[in-house]
Amino acid sequence: MGPSRNHRVGVIGGDGIGPEVLAEALKVIEASGVDLDLVEYDLGGARYLRDGTILPDEILEEWRDLDAILLGAVGHPDVAPGVIERGLLLKMRFGLDLYVNQRPFVMPPDLDMVVIRENTEGTYAGEGGFLRKGTAHEIATQGSVNTRFGVERCVRYAFELAAGRARRHLTLVHKTNVLNFSGDLWQRVFDEVAEDHPGVETTYNHVDAACIHFVESPERYDVIVTDNLFGDILTDLGGAISGGIGLAASANLNPDRTGPSMFEPVHGSAPDIAGTGRANPTAAVLSAALMLEFLGEADAAERIRKACTGSGQMGGTTSEIGDTIAAKV
Ligand code: IPM
Ligand code: MN
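Residues numbered from 1 in each chain as written. Chains lettered and ligands numbered in written order. Predicted model: local features only at pLDDT ≥ 70, side-chain atom pairs only at ≥ 80, totals over all residues. Heavy atoms only, no water.

Draft legend 1. Representation of the nonpolar core in the model. In this structure, L70, I116, V155, L170, V225, F263 and M291 are the most contacted members of the largest nonpolar core, which totals 61 residues. At 9 residues, helix α9 (residues 282-294) tops the list of elements feeding residues into this core. The contact partners of L70, leaving out residues within four places of it in the chain, are V9, G10, V11, I12, L22, A25, L26, I29, F263, S287, A288 and M291. Of all hydrophobic cores here, the second largest spans 19 residues; its members include I12, L60, I84 and L96. (Core = buried A, V, L, I, M, F, W, Y, C linked by side-chain atoms within 4.5 Å. Buried < 20%, exposed > 50% of the residue type's maximum accessible area, 1.4 Å probe, protein only. Helix = DSSP H or I, 4+ residues; strand = E, 2+ residues; numbered from the N terminus. Contact = heavy atoms within 4.5 Å.)

What follows is the structure, given as structure tokens:
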């Protein structure tokens, strides 16, 4: 990324409310004064139904030259589960090595936490298969892949993030009492990396207990690091306790910057309300703020975040909410 050129950003509206909320995010970015060179991609369930295209390798290669990707939402009710999720979203996360999924949850005055979810391994890796499929003796396995390399780079990222925050607190969330192989690796790596960060206070919670704490006393958390599936589940809960999933933003990061990072709302394509103007675009706008921050536009990102204060509860249509945020930026 040279200083003299605009950020080149790939944009994928996707399905359902995706294009609607993405349009508002772009509107707000423009109001912030940051210039982007946008490259649009028509991908998602609707495109797949039209011509069978999910994510061709050539497009993935083309993306390596981008600075970032902003995505609205993908998922279509007429497409079987897994096709777009694995073929597009996970192919993107794995192919671009977006190994950190960063999901902040903020609810003044007390709640300010960030979940760091490992984004390329675990049960998402696709290890497993069927034996005797379709018979009465069918077997399905879905292994959890945990490499020392993959766990360590994610845990290191979480420690570095925690070290730079006011509270400097990091919680490992896992299920070490039952997952005695993967949990053991996570705990050992966590303890080893902790030695390099004496300034960060650490603790450990089982994932089931963490669910109770999320509901009863989430303000106890600062930064959380966890595996892919626990992080998926915990971050929906995080959205639910911090103003609703319509507010939850996420960054799929390649912290080594060997390629673009991808930014998307935690929510899905909500086909039931697509086209009605009822989608709140705040999660997409906040995802855009995460993107600008990662691109070095910290000032614009902060202005956008501030402009979103209260927008999760705002009445009005998708574009009216976008206008209101844009006017405050
Ligand atoms: C998310 C979503 C995805 C995930 C799905 C759509 C593959 O739920 O980003 O949290 O499970 O990671
Ligand atoms: Mn999820």
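Now that the structure has been shown, we can carry on.
Draft legend 2. Layout of the packing of helix α5 (residues 148-163) against helix α6 (residues 182-195). The N-to-C vectors of α5 and α6 enclose an angle of 45°; their axes lie 9 Å apart at closest approach. Judged on the interaxial angle alone, α6 and α5 are oblique. For the element pair α5 and α6, the recorded crossing hand is right-handed. In this structure, α5 uses R148, V151, E152, C154, V155, R156 and F159 to contact α6, whose residues at the interface are L185, W186, R188, V189, F190, E192, V193 and A194. Its residues placed into classes, the contact of α5 with α6 shows 10 nonpolar, no polar and 5 charged. (Axes fitted to C-alpha atoms, helices over the stretch in contact; angles between N-to-C directions. Parallel < 35°, antiparallel > 145°, perpendicular 65-115°, else oblique. Left-handed = near helix turned anticlockwise from the far one by under 90°. Nonpolar A, V, L, I, M, F, W, Y, C, P; charged D, E, K, R; others polar.)

Draft legend 3. A look at the site of ligand 1. Taken together, the neighbourhood of ligand 1 is formed by E85, L89, R93, R103, R117, Y124 and D232. R93 has a polar side-chain atom sitting 2.7 Å from an oxygen atom of ligand 1. Here an oxygen atom of ligand 1 and a side-chain polar atom of Y124 are 2.6 Å apart. Protein contacts shield 76% of the accessible area of ligand 1, which totals 320 Å² for the unbound molecule. A majority-of-atoms criterion places ligand 1 in the second largest pocket. Top element by residues in the shell around ligand 1 is helix α4 (residues 83-95). It accounts for 3 residues. In terms of residue class, the shell around ligand 1 is built from 2 nonpolar, no polar and 5 charged. (Near = heavy atom within 4 Å. Polar contact = N/O pair within 3.5 Å; in protein donor to acceptor, adjacent residues only side chain to side chain. Areas by Shrake-Rupley, 256 points an atom, 1.4 Å probe, with all protein chains shown as cover. 1 Å grid on protein atoms, 1.4 Å probe; cavity = no way out; pocket = protein on both sides within 12 Å on 5 of 7 lines; lining within 4 Å. Sits in = over half its atoms within 2 Å of the grid points.)

Draft legend 4. Broad picture of the sheet that holds strand β10 (residues 223-226). The mixed open sheet is built from 10 strands, whose spatial order is β2-β1-β3-β12-β11-β4-β5-β10-β8-β9. Each of the sheet's edge strands pairs with one partner strand only, and the pair in question is β2 (36-40) and β9 (201-206). Adjacent strand axes in the sheet meet at a mean angle of 25° when their direction is disregarded. Judged from the 5 bridges that link them, strand β1 (residues 7-14) and β2 form a sheet pairing that is parallel. (Pairing = 2+ DSSP bridges.)

Draft legend 5. Spatial organisation of the pattern of salt bridges. The final tally for this structure, using the stated rule, is 20 salt bridges. As a salt-bridge pair, D42 and R50 come within 3.1 Å of each other at their nearest N and O atoms. A relative accessible area of 55% places R50 in the exposed class. Each member of the salt-bridge network shares a partner with another, and the members are E293, E302, R305 and K306. (Salt bridge = Lys/Arg side-chain N within 4 Å of Asp/Glu carboxyl O.)

Draft legend 6. The arrangement of the layout of surface pockets in detail. In this structure, the largest pocket spans a volume of roughly 740 Å³. Only β4 (100-107), β5 (111-118), α9 and α10 (298-307) provide two or more residues apiece to the lining of the largest pocket. Sorting elements by how many residues they give to the lining of the largest pocket places β4 first, with 5 residues. When its residues are assigned to classes, the lining of the largest pocket shows 13 nonpolar, 8 polar and 5 charged. In this structure, the second largest pocket spans a volume of roughly 570 Å³. (Points joined across faces, edges and corners; volume = space filled by probe spheres on them.)

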